[in-house]
Amino acid sequence: MEKNDNFIAAGSVVTKDVPDYGLIVGVPGKLSGYMSRHGHRLKFNENGIAVCKESGFRYKLNGSEVKCMDWDEDKDLPEKLKQGGISFTKGCPK
């Protein structure tokens, strides 16, 4: 795997490796959860599956590792998904 996104909150101090899709907050930085490639918080169900509210991609949590189930993580996103369309100030559709 070449690279995946992770998210570091402003002002956080990272002192350890950050897992793919990990959300790090605080000083020192701690893993607070996981985000999709589109920057939406992932909420995993009892089977360890979460769905991005923007792309509809499913993500699988296995221990502390998250993988996208619907798109090869080494490939660029398709054009129609490269730029998000949901405003973070207005929230996400349910």
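As the structure is a prediction and not an experimental result, all values here were calculated from the model.

A closer look at the confidence of the model for the chain
1) Next: Put simply, the chain has an average pLDDT of 85, and 87% of its residues get 70 or more.
2) Next: Here helix H1 (residues 79-82) stands out as the element of the chain with the lowest mean pLDDT, 79, in contrast to strand E4 (residues 49-51), whose mean of 98 is the highest.

A short note on the sheet that holds E4
1) Next: One open sheet accounts for three strands, arranged E4-E5-E6; its pairing is antiparallel. The open sheet has two edge strands, E4 and strand E6 (65-68), and neither has a second partner. Averaged over all neighbouring strand pairs, the angle between strand axes comes to 25 degrees, with direction disregarded.
2) Next: Strand direction decides the pairing type here: E4 and strand E5 (residues 58-62), joined by three bridges, are antiparallel. When the bridges of E5 are listed, Val51 appears paired with Arg58.

Section: the pattern of salt bridges
Opposite charge on two side chains lets them pair, provided their charged atoms get close.
1) Next: Following the criterion strictly, the structure yields one salt bridge and no others.
2) Next: A salt bridge links Asp70 to Arg58, with the nearest nitrogen and oxygen atoms 2.7 Å apart. With a gap of 12 residues between them, Asp70 in the loop between E6 and H1 and Arg58 in strand E5 connect regions that are remote in the sequence.
3) Next: Here Arg58 falls in the partly exposed class, since its relative accessible area comes to 36%.

Quick word on the pairing of strand E2 (residues 22-25)
Within a regular strand, side chains alternate between the sheet's two faces.
1) Next: Looking at chain direction, strand E1 (residues 7-8) and E2 are connected through two bridges and run parallel. Bridging from a neighbouring strand, Ile8 pairs with Ile24 of E2.
2) Next: Across four bridges, the pairing between E2 and strand E3 (residues 30-34) is antiparallel. By the bridge assignment for E3, Ile24 is matched with Leu31.
3) Next: Between the antiparallel neighbours E2 and E3 lie four residues, among them Gly26 with a positive phi of about 95 degrees.

As for the packing of aromatic side chains
1) Next: Using the criterion set out here, one finds three aromatic pairs in the structure.
2) Next: In this arrangement the basic side chain of Lys75 is found over the ring face of Trp71, its NZ or CZ atom lying 4.9 Å from the centre.

Reading the values: the criteria
Residues numbered from 1 in each chain as written. Predicted model: local features only at pLDDT ≥ 70, side-chain atom pairs only at ≥ 80, totals over all residues. Heavy atoms only, no water. pLDDT = per-residue confidence, 0-100. Helix = DSSP H or I, 4+ residues; strand = E, 2+ residues; numbered from the N terminus. Pairing = 2+ DSSP bridges. Axes fitted to C-alpha atoms, helices over the stretch in contact; angles between N-to-C directions. Salt bridge = Lys/Arg side-chain N within 4 Å of Asp/Glu carboxyl O. Buried < 20%, exposed > 50% of the residue type's maximum accessible area, 1.4 Å probe, protein only. Phe/Tyr/Trp six-rings, centres within 6.5 Å; stacked < 30°, edge-to-face > 60°. Lys NZ or Arg CZ within 6 Å of the ring centre and 35° of its normal.

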